[in-house]
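Summary of the model geometry
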Amino acid sequence: MPDLNEISLSVGKRFFQELDRDVDGKVTLEDLEIAMRKRKLPKSYAREFMRRTRSHLFSKSFGWKQFSSLMEEKEASILRAYTRLCLSKSGTFQKSDILASLQNEDNAVAMMRFLNADTKESITYGHFRNFMLLLPSNQLQEDTRSASSEAAGVAADSVLKSALAGGLSCAFSAALMHPVDTVKTWVQASTTLTFLEVLSNLPQHGVRALYRGSIPAILGQFSSHGLRTGICEASKLVLVNVAPTLPEIQVQSVASFCGTFLGTAMRIPCEVLKQRLQAGLFENVGEAIVGTWQQDGLGGFFRGTGATLCREIPFYVAGMGLYAESKKAAQKLIGRELEPWETIVVGALSGGLTAVLTTPIDVIKTRMMTAPQGQPVTLSIIVLSILRHEGPLGLFKGAVPRFFWVAPLGAMNFAGYELLRKAMD
C-alpha cells in the first residue's frame, strides 16, 4: 500500500504536468499566468510563484526538481492548515471552513468556484494542496513557530529512523555473513595460501573458528552504520535546503562521504579486534582488547585507519551511486517500479561489483591490522611488499570471497535499508 509521501508526490507530479502545457519538462511564467487565470487568481501570484520556485534570479522557467522542492517546503504548513479545519468523517471539509482559513476571502471564493463546490459539497486534501501551492505564503494563516518546530521534528524523526534502519540492516547482514568474512581475512592475511587452499583447510579450523570476532563485528556494524546512515540522511536534508539545484547524484555522493567518514572512524577499533581474532592472534574479545593495549597502546586500536577510510569512502560513495543509478536504469528498462526482490538483486550486484573494485585497499588494510608487533606498517611498505613477493594479483587476493561476502551485504545494506526504512515510514 503506498504511503502518504508517495501519494503526495504522485498528486504533485500530475499537477506539475498540468502546469507544463507544452510537455517540455519546464513551467514558464506564461504557463503560470494561464493557471492563475483559470483559477480566478490575481496575475501577480504567477510572478510570485516563479520567484519562489526558479533556481536562480535570471531563470525564466523551473523544472520538476524545483517544483517538488517547493512542494516539500510548503507541505507541512498546508497539511497543518488542512487538519486545523473542521474535518468531516470522510476526511474532507466544507466551504465555510475554507473561508475561515484564508486571509483573503476572494481566494477562498475562487477556490470553491474552481473546484465546483458549494456549501454542501466537500474538498479532498489533494485539491486543497494543489490550489494552496499557487497562493503566496502570506495568504495562509499559520503559526510560524509551530511550523518550524514541526519541520524540525519531522527532520529529526527521519534521521533517527534512517540511523536505526541502517544499523539494524548492517548488524543483521554482518552476523549472517561473518563466516565468509573470516575466510576472506584468512586469505588476505596469508602471504602463501590461496583461496582454494584455505577452503580445503576449513575442516581443521572447525565451525567455531569461522565466528571468531563476530561480537565486535556486529557491534561495530550496528553503531557505525547507524551513525553513517543517520549523518547521510541529515546531510541530504541540509544540502536539499541549502543547494536545491544541486544534481541528485552530487547530493548522494556528498552525503555518503560525510556519513561514511564519521561512521567508519567510529568502527575502526571494532574492526581491528575482529580481524585479529579472525587471524587467530587472540582467543577471545577480552584477550584481544588487553593484548592490543599492551602491545601497541591506544594507537593499536586505530591501526589501518587511513587504509580503512580509503576503502570505505570509495566503496559507499561509489556503491550508493551505482545502486541508485542501476535501480533507475532497471526501472526504465522494465517500465515500472521494482519489486522488493528485484531491488535486492540490484543491491547485491551493485555491492559485489564495488567490492571487487575496492579489493586492493581491503588487502592493504587487512595486512596493516594483522601485522605482528614491532613490524613497520605504513601503507607504502605494505604495497611494495605485496608487489615484490606476490605481484600485482596479490592486491586482489580474496576478491572472490569478498564478492560473495559483500554481494549479500549490498542486498541487505543498500536494498534492505531502503525496504526497512519504507516499512518504518
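Only a predicted model underlies this, so the values are computations on that prediction, with no experimental measurement involved.

Looking at helix H3 (residues 44-53), one finds that the buried residues are Tyr45, Ala46, Phe49, Met50, Arg52 and Thr53. In a view along the axis of H3, the buried residues occupy a sector of 165°, so they form one face of it.

This paragraph deals with the packing of aromatic side chains. What the rule picks out here adds up to nine aromatic pairs. Both rings, one in Phe49 and one in Phe62, keep their centres 5.7 Å apart while their planes meet at 55°; by these two values the pair is tilted. A residue pair is termed long-range when its members are at least 10 positions apart, and Phe49 in helix H3 and Phe62 in strand E2 (residues 61-62) qualify at 13 residues. When the centroid spacing of 6.2 Å and the interplanar angle of 20° are considered together, the rings of Phe257 and Phe261 count as stacked. With Phe257 and Phe261 both in helix H13 (residues 248-278) and four residues apart, the pair spans about one turn of that helix. On the accessibility criterion, Phe257 (41% relative accessible area) is partly exposed. Relative accessible area serves as the criterion here: at 38%, Phe261 is assigned to the partly exposed category. Among the aromatic residues, ring-to-ring pairing joins Phe15, Phe16, Phe49, Phe62, Trp64 and Phe67 into one connected group.

Side chains of residues three or four places apart in an α-helix project in the same direction, reflecting 3.6 residues per turn. Helix length check: helix H14 (residues 285-296), at 12 residues, gives a terminal C-alpha distance of 16 Å against a target of 16 Å (1.5 Å per residue), a fit within 8%. Here H14 has its buried residues at Ala288, Gly291 and Thr292. Along the axis of H14, the buried positions cluster into a sector of 100°, meaning they face one direction only. Among the exposed residues of H14, those pointing more than 90 degrees away from its buried face are Trp293 and Gln294. On the buried face of H14, the contacting elements are H13. Its side-chain oxygen at 3.2 Å from the backbone nitrogen of Gly286, Asn284 defines the N-terminal cap of H14.

With that settled, consider the environment of Ala217. Mapping Ala217 onto the fold places it in helix H12 (residues 214-242). Given a relative accessible area of 11%, Ala217 falls into the buried group. For the pair Ala217 and His178, spaced 39 residues apart in sequence, the C-alpha to C-alpha distance is 8.1 Å. The residues contacting Ala217, other than those within four sequence positions of it, are Ala174, His178 and Lys274.

What follows is about empty space enclosed by the protein. Inspection of every chain in the model, using the stated rule, returns two cavities of 30 Å³ or more. Reported here for the second largest cavity is a volume of approximately 90 Å³. In this structure, the second largest cavity is lined by Ala174, His178, Asp181, Pro216, Ala217, Gly220, Gln221, Arg267, Cys270, Glu271, Lys274 and Trp405. Counting only elements with at least two residues in the lining of the second largest cavity, the list comes to helix H8 (144-189), H12 and H13. Along the lines of polarity and charge, the residues of the lining of the second largest cavity split into five nonpolar, three polar and four charged.

What counts, and at which threshold
Residues numbered from 1 in each chain as written. Predicted model: local features only at pLDDT ≥ 70, side-chain atom pairs only at ≥ 80, totals over all residues. Heavy atoms only, no water. Buried < 20%, exposed > 50% of the residue type's maximum accessible area, 1.4 Å probe, protein only. Helix = DSSP H or I, 4+ residues; strand = E, 2+ residues; numbered from the N terminus. Arc of directions from axis to C-beta. Phe/Tyr/Trp six-rings, centres within 6.5 Å; stacked < 30°, edge-to-face > 60°. Expected span 1.5 Å × (residues − 1). Contact = heavy atoms within 4.5 Å. Polar contact = N/O pair within 3.5 Å; in protein donor to acceptor, adjacent residues only side chain to side chain. 1 Å grid on protein atoms, 1.4 Å probe; cavity = no way out; pocket = protein on both sides within 12 Å on 5 of 7 lines; lining within 4 Å. Points joined across faces, edges and corners; volume = space filled by probe spheres on them. Nonpolar A, V, L, I, M, F, W, Y, C, P; charged D, E, K, R; others polar.

From the geometry alone we can't say anything about function, so treat these as descriptive.
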